[in-house]
Amino acid sequence: MDAADYVNLIVSALLLAGIYAAMSVGMTIVYGVMKIVNLAHAGFLMLGAYFVLELYERLNIDPLLGSVLAFPVFLVAGMLVHWLLVRRVPVSDQPTLASLLLMFGLWLVLQNLGYLIWGNSDRSILTPRTLSSIHFGPITVPTVRLLVFIPAVCSLGLLELVLRKTWYGRAVRALMQNRYAGRLTGIPVEKMARLTFGVGIGFAGAAGGLLAQLYSFSPDFGRGFLLRSFVIIVLGGLESFWGAAAGALVLALVETFSILVLPAGYQPAIAFSLLVVALVLFPGGIAGIFAKKRRWA
Amino acid sequence: MPSLLLVDRLNKYFAGLAALKDVSFEVEEGQICGLIGPNGAGKTTLFSIIAGSVSPSSGLITYSGKDVTRWKSFQAVRAGVARTHQVTRPFRSMTTRQNVEVALHFGRSNARGSDARQVAEILEDVGLGHMADKPAASLCVGDQKRLELARTLAAKPKLLLCDEVCSGLTETEMNGVLELLRRIRERGVTILYVEHNMRAIMSTCDQVVVLNFGQKLTEGPPLKIQNDPAVIEAYLGRTAAA
Amino acid sequence: MKAASVPMGRFLNYRVAAWGATLIVLGILPWGGISPNLTRLLFTSLVWVITSVAWSLLGGLTGQVSFGFAVFYGLGAYTAAMGINAGLDPLAAFAISGVVAAIASLLIGLPTFRLRGPYFAIATIGVSEAVRVVMTNLSFTGGASGYRIAEHGTFRPLEHYYTALGVAALAVGTSAWVHQSKFGLSLLAVREDEEAAADIGVNPLKTKLLVHLLAATLTGIAGGVYARYAAFIHPDGVFGFQTSVAILLMPIIGGAVTVAGPVIGAFVYGFVQEELVAAFPQFHLLLYGALLIVIILFEPGGVVGWLGKLWAWVKRTRRKSALASVG
């Protein structure tokens with residue numbers, strides 16, 4: 001392997017990191033504001049993939065556009081789910097088992113609805129773009145990866161803008177730090193929770209659509225990505241967006257370069273092992289380690 | 001008399017904030033030692049560290065001469081140091097009796113055979129005999145405090161850490177609890193007692209340690225503390241002391 | 001939540017009688033000339049009883065919800081399979097399955113029990129999936145193509161059935177003992193308030209490791225019993241996430257903090273799955289997902305909890321009508 005190959009791998013990892021970050025940010029925001037570990041995130045990733053697939057195959061809508069359209073659709077769906085189910089479960093400042101099991105039940109329902117509707121064969125989104133590559137000098141990038149990366153990063157940038165500049169964003173950050181205090185300062189917590197859950201699901205749907213252009217998928221699609229999302233969140237610290245971005249980068253790099261040392265079949269185990277290692281060694285994530293350094297000053 | 005508990009230059013920082021700074025004092029065997037101070041002085045933090053629920057940033061704690069600075073709370077219980085909680089934490093899914101049963105079985109005594117009799121005795125002692133089979137969740141605050149004491153007694157402690165056992169109680173209830181504490185001391189149990197209620201402190205304690213802003217302000221017999229201008233100032237402000 | 005004490009007197013005798021009768025009926029049925037299909041259904045349900053009861057000790061009584069129990073099931077299955085192929089007596093193979101699962105439970109528990117609640121649950125998914133992927137790639141156990149048991153002699157369904165019945169009875173008996181013991185009280189204490197439990201002398205880590213070991217051992221043996229019956233196992237089956245899901249669904253739906261709940265959940269699942277899987281391959285999971293949602297929202301005590309409330313309602317109504325008829 002020469003330098004160009006290494007650079008290709010790094011670029012590959014970077015592009016992957018972008019999409020991984022977009023995929024996991026939905027879980028981060030739901031966890032941060034509501035302390036709910038949203039296992040159903042996987043189900044919505046899967047539904048997002050099929051949503052974009054159907055739009056493409058029936059209405060000939062470009063998958064990239066489809067992914068963008070998925071966001072508002074899934075935002076509304078998420079708010080509906082919150083209104084129907086999630087708000088009935090007690091929430092606290094610590095994640096509860098009840099919410100975990102509830103979201104797990106929802107995921108089971110979504111996944112198996114998927115099987116019922118679409119069967120269990122693998123599907124893919126094939127466009128003329130799928131097999132082409134772009135060359136930047138010695139670097140070769142599959143076109144799809146680059147094109148998927150752009151909306152992913154844009155959405156993250158947009159989210160960051162919203163969090164910093166808007167009232168909603170400030171409220172979200174306040175609630176992430178202290179729910180009760182937020183309530184006391186007049187933040188309408190339940191409405192915020194509903195909107196935030198919707199945003200999280202919106203990201204899930206859109207990310208699912210983007211991922212569907214990179215990988216083939218079946219109704220079981222979400223599971224591998226669910227675990228990857230956990231790794232990212234745990235690596236990055238469960239309540240920090242930049243931490244989640246860092247976590248996505250770490251995971252993407254490890255996964256991409258692991259091909260050099262491990263047989264391909266073991267690759268899925270990497271995310272899982274990394275998850276366990278991360279949970280055990282860094283309960284606060286990478287961001288938590290940095291926070292620790294400040295703590296005992 | 002040799003000191004049962006020695007606290008030496010104890011420090012505790014939370015995220016850069018000093019909850020306890022250089023706290024040192026001794027508790028002699030057989031004493032009832034009071035620990036007082038305004039809200040936020042660090043009393044419960046100190047308690048939690050001695051009891052093993054929290055570890056200190058630096059400093060030394062010895063119990064019967066042994067270094068126990070970083071022990072865990074279940075180790076403390078096995079060694080004879082038991083604590084009550086300021087905000088009661090009964091096991092709500094169990095009955096009153098079962099709460100004491102667990103404590104008896106896993107505390108220092110590791111009793112066998114005569115369990116039921118011992119549990120009944122302990123419940124009678126604290127005045128909960130009639131509530132033995134009611135769910136712990138149904139107890140009123142005063143009875144929950146008694147349950148906390150019952151659980152500690154089940155562990156046959158040598159050093160009992162009481163955290164505000166009188167808060168939230170009526171006058172009568174409080175007298176009953178103080179009487180109970182005195183009875184416990186008569187059995188040879190040393191008591192370290194955090195309390196806000198001055199009457200309780202003055203009437204039961206042999207010596208008092210005063211904390212303020214995480215540091216030891218002073219210590220001494222109750223009467224001396226009561227009249228110490230620095231203590232009055234800590235609680236009431238400068239003009240009151242003048 | 002109900003207090004975990006064995007009620008004295010007549011109620012206790014009713015319970016013992018009920019369990020005894022169930023055991024006797026289950027023991028006699030296969031001889032009484034039921035169809036092989038029904039025997040097979042009962043066998044499957046009995047294997048699920050073992051895993052259900054085992055999981056409920058950890059996830060129900062102690063509150064440590066594991067989403068990765070298939071790892072013990074699979075380890076037990078492969079251990080027994082390899083043992084039997086190496087010539088071991090099946091019962092010895094099952095015992096070794098239990099031991100292997102027990103050791104694994106310590107290795108897994110030590111790092112993961114530092115995590116609370118949902119984090120522990122997620123970590124268990126990671127562990128189980130990692131093991132599954134490794135097993136899929138390991139060639140000496142057959143990898144993804146699976147592993148076959150070559151047992152000599154004819155296939156005797158009754159032998160498998162009674163083995164399963166025996167282990168299931170052992171599991172239920174163990175669970176009943178735990179529920180009325182001081183150990184059981186300490187599990188409830190750890191579940192409810194780990195710090196307060198430590199404050200009264202319970203070592204939370206040791207307690208969790210112990211119950212984890214017990215649950216894993218039983219589950220490993222169940223995997224072994226199943227493997228011998230099926231004579232062919234593969235990683236996606238015995239290590240699969242859907243197996244972990246099944247293992248946890250049954251006790252939660254039946255009532256995870258009781259002795260009878262997991263048993264009811266196991267039988268219901270075993271029978272319903274058979275009926276539904278034939279018609280709609282994934283429908284049973286859809287149903288169970290919906291059932292789980294309903295249970296979390298409305299009746300966390302599961303079927304047993306719901307039955308308990310129903311019984312209390314019946315008694316109240318009877319008392320009211322009795323009073324009315326007097327007055």
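Remember, it's a predicted structure, so these values are computed and weren't measured experimentally.

Another aspect to go through is the overall build of chain C. Tallying secondary structure elements over chain C gives 14 helices and 2 strands in all. Its C-alpha atoms give chain C a radius of gyration of 20 Å, within 12% of the compact-globule value 20 Å for 327 residues. With the C-alpha coordinates aligned to their principal axes, the bounding extent of chain C is approximately 75 × 55 × 35 Å. Taking all 327 residues of chain C together, the buried fraction comes to 51%. Intrachain contacts of chain C at a sequence separation of at least 6 include 78% that bridge at least 24 residues.

Take the environment of I84(C) next. Residues and elements named next belong to chain C. With respect to the secondary-structure elements, I84 resides in helix α3 (residues 70–85). Sequence separation of I84 and E151 is 67 residues, and the distance between their C-alpha atoms is 7.3 Å. Contacts of I84, omitting those with residues within four sequence positions, involve P90, A93, I149, E151 and R228.

Below, the discussion takes up the confidence of the model for chain A. All names here are of chain A. The share of residues in chain A with pLDDT of 70 or more is 93%, and the mean pLDDT across the chain is 82. By mean pLDDT, helix α12 (residues 285–295) is the weakest element of chain A at 45, and helix α3 (residues 63–84) is the strongest at 93. Long-range and interchain partners of residues 290–297, a stretch whose pLDDT sits below 50, account for 6 contacts in this model, where long-range means more than four residues apart.

What follows deals with the nonpolar core. Counting 274 residues, the largest nonpolar core has L45(A), V231(A), L275(A), I50(C) and L292(C) as its most contacted members. Take this core: its biggest share by element is 16 residues, from helix α1 (residues 3–34) of chain A. Each of domain 1 (3–80 + 157–241) and domain 2 (90–155) of chain B contributes no fewer than three residues to this core.

The next subject is the packing of helix α2 (residues 41–59) of chain A against helix α8 (residues 189–212) of chain A. Residue and element names in this part refer to chain A. Running from amino to carboxyl end, α2 crosses α8 at an angle of 55°, the nearest separation of the two axes being 7 Å. Our classification of the angle between α2 and α8 gives oblique. For the element pair α2 and α8, the recorded crossing hand is right-handed. The residues of α8 that touch α2, namely those facing H41, F44, L45, M46, L47, G48, A49, F51, V52 and L53, are I201, A204, G205, A206, A207, G208, G209, L211 and A212. Taken together, the residues of the contact of α2 with α8 sort by class into 14 nonpolar, 5 polar and no charged.

Bringing the sheet that holds strand β4 (residues 58–63) of chain B into the picture now. Residues and elements named next belong to chain B. As summarised here, the arrangement of the 4 strands in space is β2-β1-β4-β5, forming an open sheet in which the pairing is antiparallel. One side of each edge strand has no neighbouring strand; the edge strands of this open sheet are β2 (17–28) and β5 (66–67). When β4 meets β5, the two strands line up antiparallel, connected through 2 bridges. What sits directly across from Y63, in β5, is K66. With respect to the sheet, helix α1 (residues 43–51) is in contact with β1 (3–14), β2 and β4, its orientation differing from that of β2 by roughly 65°.

Residue and element names in this part refer to chain B. For strand β7 (residues 159–163), the tally of buried residues reaches 5 of 5 residues, placing the bulk of the element in the interior. Neither face of β7 is left uncovered, since the one carrying L159, L161 and D163 and the one carrying L160 and C162 both have all their residues buried. Taken together, the 3 bridges between strand β6 (residues 81–83) and β7 define a ladder with parallel strand orientation. For R83, the partnering residue across the bridge sits in β7 and is L161. Two strands pair when backbone bridges link them, and β7 and strand β8 (residues 190–194) are joined in this way by 5 bridges, in the parallel orientation. Paired with L160 across the two strands is I191, which belongs to β8. Note that the unit made of β7, helix α6 (residues 171–186) and β8 has a crossover that is right-handed.

Buried residues dominate helix α3 (residues 96–106) of chain B, accounting for 11 of its 11 residues. Buried within α3(B) are the following residues: T96(B), R97(B), Q98(B), N99(B), V100(B), E101(B), V102(B), A103(B), L104(B), H105(B) and F106(B). The secondary structure elements touched by the buried residues of α3(B) are α4 (115–126) and α5 (141–154) of chain B together with α7 (182–192) of chain C.

Below, the discussion takes up unusual backbone geometry. Residues and elements named next belong to chain B. For S64, which is not glycine, the phi torsion reads 50° and is therefore positive. Its location among the elements puts S64 in the loop between β4 and β5. Phi is positive for E164, which is not a glycine, with a value near 50°. With respect to the helices and strands, the residue E164 is situated in the loop between β7 and α6.

About the thresholds
Residues numbered from 1 in each chain as written. Chains lettered and ligands numbered in written order. Predicted model: local features only at pLDDT ≥ 70, side-chain atom pairs only at ≥ 80, totals over all residues. Helix = DSSP H or I, 4+ residues; strand = E, 2+ residues; numbered from the N terminus. Rg over C-alpha atoms; globule rule 2.2 N^0.38 Å. Buried ≥ 20, exposed ≤ 12 C-beta atoms within 10 Å, placed from the backbone. Contact = placed C-beta atoms within 7 Å. pLDDT = per-residue confidence, 0-100. Core = buried A, V, L, I, M, F, W, Y, C linked by C-beta atoms within 7 Å. Domains from an automatic or database assignment. Axes fitted to C-alpha atoms, helices over the stretch in contact; angles between N-to-C directions. Parallel < 35°, antiparallel > 145°, perpendicular 65-115°, else oblique. Left-handed = near helix turned anticlockwise from the far one by under 90°. Nonpolar A, V, L, I, M, F, W, Y, C, P; charged D, E, K, R; others polar. Pairing = 2+ DSSP bridges. Right-handed = clockwise from strand over helix to strand, strands pointing away.

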